[in-house]
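Structural overview for review
The residues making up each chain are set out below.
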Amino acid sequence: MKEETKIIQNILSDPLTGAISTPIYQTSTYVQKSPGVHKGFDYTRTNNPTRKILEQLISKMEYGFSGIAFSSGLAAIDAVLKLLKSKEEIIAVDDIYGGTFRTMKLYNKFGIITKFIDTTESNNAITNITKKTKLIWLETPTNPTLKISDIKEISKRSKKINKNILIVVDNTFASPVIQNPIKLGADIVIHSATKYLSGHSDVLSGLVIVKDQNIYEELKYIQNSTGGVLSPFDSWLTIRGIQTLYLRVKKQSKNAFKISNYLNDKKRKLGIDKIYYPGLYYHKNHDIALKQQKYFGSIISFSLIKDTEEMARKVVTSTKLFKLAESLGGTKSLICNPSTMTHKSIPFDIRIKSGIQSSLIRLSVGIENVEDLIEDISQALIMII
């Protein structure tokens, strides 16, 4: 079966009633035949039938051993960081999501240090490995400058140095439609399922997919101990969203490709300085994206010739179809200024070093008509020139 068919067919009808829609098992506890003897469920923090269906579904989509569903993307990230012990180190991509940056800095006080480096050059990751390195943490594409790291090369070379290093890939910006990191050598894949997987801006959800049983058991123990589980209803919403994932991501990627080329052709006229989109031929990592991804995705970032937050503010408040909001991956197109919104918590010097300019604007392209979207962003840019 093709991937689109697998998603739909892997969501089985309810064996008890024949219901075509996954039932929402809205229960906290379960009746047991005798102490410790039950049907695989004893308490919903530990396990829940609706959540289990989601976990099995995402595991199949990402070619993993198993999935684990969390109450948010950051809850998923936090659980993975709990795999580390004091004095162990992380090598992480420098252009990292602001929430991940905050969480990693929080772990500094427990003696866990993160080195933020440019992993688009694989050698940067490899040469920074030490005896203390436990995780190599990649986002590809990154948020918000769409850098691409070579998952396969970094995985292969790092394992030659130390087979116990875990390769973690935040696959939120790509989704399983665009790339499958475990097939490329990753050990752990993370999704903020709030974004593309759910797809309708109506749920907070985080997913972790692991390649083997040992990692699964350790993470499952962490989740059960700390309680960051996804509710049955939010599990159901995520399952429902996933059913249209392929349709949405293909349409969004097609729209973004057209918009990026339009902005590139008209960039001087529109007051644009740099455009960040892996589908553009001159993108630094375009060749890796061609090799690693099925599509180029639906996120476009660009900076302005007049590089100030004030100029960015004028643009992001002048669009009519692109709604000013954080988050991404939903059916509606969104626009934001990362330096004052999603990445505000990252110190200014680190933001600039990783390419997040004050005027940087990030577009999350939705499923609307692409000509309408082009007209909307054009009028907003022309207005401030």
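Okay, so let's go over this structure. Remember, it's a predicted structure, so these values are computed and weren't measured experimentally.

Attention shifts here to the overall build of the protein. Of the regular secondary structure elements, the protein holds 14 helices and twelve strands. Against the compact-globule benchmark of 21 Å for 385 residues, the protein has a radius of gyration of 21 Å, which places it among compact chains. Overall, the C-alpha framework of the protein stretches about 75 × 50 × 35 Å when taken along its three principal axes. Evaluated residue by residue, the protein yields a buried proportion of 56% over its 385 residues. Considering only residue pairs separated by 6 or more positions, the protein has 71% of its internal contacts joining residues 24 or more positions apart. Accessible surface computed for the protein: about 16,800 Å², of which carbon and sulfur atoms make up 55%.

A separate point is the side chain of Asp95. Summarising the element assignment, Asp95 is placed in the loop between strand 2 (89-93) and helix 4 (98-106). As a buried residue without a salt bridge, Asp95 has its nearest oppositely charged side chain in Lys147, at a separation of 5.1 Å. In terms of polar contacts, Asp95 uses its side chain to reach the side chain of Thr142, at 2.6 Å. Polar contacts involving the side chain of Asp95 include one to the side chain of Thr145, which spans 2.3 Å. Look past the residues within four positions of Asp95 in its chain and what remains in contact with it is Glu139, Thr142, Asn143, Pro144, Thr145, Leu146, Lys147, Ser354 and Ile356.

In this model, Thr140 is joined to Pro141 through a cis peptide bond whose omega is -5°. Inspection of the secondary structure assignment puts Pro141 in the loop between strand 4 (133-139) and helix 6 (151-161). Omega for the peptide link from Asn143 to Pro144 comes to 15°, which places this bond in the cis form. Here Pro144 lies in the loop between strand 4 and helix 6. Positive phi, normally seen in glycine, also occurs at Ser201, with a value near 55°. The residue Ser201 is located in the loop between strand 6 (188-192) and strand 7 (206-210) in this model.

Below, the discussion takes up the packing of aromatic side chains. Per the stated rule, a full pass over the model turns up eight aromatic pairs. Both rings, one in Phe65 and one in Tyr216, keep their centres 5.9 Å apart while their planes meet at 65°; by these two values the pair is edge-to-face. With a gap of 151 residues between them, Phe65 in the loop between helix 2 (49-61) and strand 1 (66-70) and Tyr216 in helix 8 (residues 213-226) connect regions that are remote in the sequence. Given the relative accessible area of 41%, Phe65 is considered partly exposed. For the pair Phe233 and Trp236, a centre-to-centre distance of 6.0 Å together with 20° between the ring planes defines the contact as stacked. Here Trp236 and Phe233 lie together in helix 9 (residues 232-242), a separation of three residues that amounts to about one turn. A connected cluster of aromatic rings, assembled from ring pairs, spans Phe257, Tyr277 and Phe296. Taking the ring centre of Tyr63 as reference, the NZ or CZ of Lys183 above it sits at 4.4 Å.

Whenever strands of a sheet pair, they do so through backbone hydrogen bonds, lying parallel or antiparallel. Strand order in the open sheet formed by seven strands is 1-7-6-5-4-2-3, with mixed pairing between adjacent strands. At either margin of the open sheet sits one strand with a lone partner, and together these are strand 1 and strand 3 (113-117). Strand-to-strand twist of the sheet, defined as the mean angle between neighbouring strand axes without regard to direction, takes the value 20°. Pairing geometry for strand 2 and strand 4, over four bridges, is parallel. For Glu89, the partnering residue across the bridge sits in strand 4 and is Thr133. Helix-sheet contacts for helix 4 involve strand 2, strand 3 and strand 4, and the interaxial angle to strand 3 is about 145°. On the sheet, helix 6 packs against strand 4 and strand 5 (166-170) and is oriented at approximately 165° with respect to strand 5.

Moving on, we come to the packing of helix 3 (residues 73-81) against helix 4. Contact geometry for helix 3 and helix 4: axes closest at 10 Å, N-to-C directions at 35°. Judged by the sense of rotation from one axis to the other, the crossing of helix 3 with helix 4 is right-handed. In this structure, helix 3 contributes Leu74, Ile77, Asp78 and Leu81 to the contact, and helix 4 contributes Gly99, Thr100, Arg102, Thr103 and Met104.

If you trace the five strands from one edge of the open sheet to the other, you get 8-9-12-11-10, paired in mixed fashion. Each of the sheet's edge strands pairs with one partner strand only, and the pair in question is strand 8 (272-276) and strand 10 (323-324). Helix-sheet contacts for helix 10 (residues 245-265) involve strand 8, strand 9 (299-304) and strand 12 (361-364), and the interaxial angle to strand 9 is about 20°. Where helix 14 (residues 370-384) meets the sheet, it contacts strand 8, strand 9, strand 11 (334-336) and strand 12, and its direction lies at approximately 15° from that of strand 9.

The buried fraction of strand 1 amounts to five of the five residues, a majority that puts the element mostly inside the structure. Both faces of strand 1 are covered, namely the face carrying Ser66, Ile68 and Phe70 and the face carrying Gly67 and Ala69. Relative to strand 7, strand 1 is paired through five bridges, and the arrangement is antiparallel. Of the residues in strand 7, the one forming a bridge with Ser66 is Val210.

Thresholds, definitions, all that
- Residues numbered from 1 in each chain as written.
- Predicted model: local features only at pLDDT ≥ 70, side-chain atom pairs only at ≥ 80, totals over all residues.
- Heavy atoms only, no water.
- Helix = DSSP H or I, 4+ residues; strand = E, 2+ residues; numbered from the N terminus.
- Rg over C-alpha atoms; globule rule 2.2 N^0.38 Å.
- Buried < 20%, exposed > 50% of the residue type's maximum accessible area, 1.4 Å probe, protein only.
- Contact = heavy atoms within 4.5 Å.
- Areas by Shrake-Rupley, 256 points an atom, 1.4 Å probe, with all protein chains shown as cover.
- Lys, Arg positive; Asp, Glu negative; His and termini not counted.
- Salt bridge = Lys/Arg side-chain N within 4 Å of Asp/Glu carboxyl O.
- Polar contact = N/O pair within 3.5 Å; in protein donor to acceptor, adjacent residues only side chain to side chain.
- Phe/Tyr/Trp six-rings, centres within 6.5 Å; stacked < 30°, edge-to-face > 60°.
- Lys NZ or Arg CZ within 6 Å of the ring centre and 35° of its normal.
- Pairing = 2+ DSSP bridges.
- Axes fitted to C-alpha atoms, helices over the stretch in contact; angles between N-to-C directions.
- Left-handed = near helix turned anticlockwise from the far one by under 90°.

Everything listed here is a matter of geometry and, on its own, says nothing about what the molecule does.
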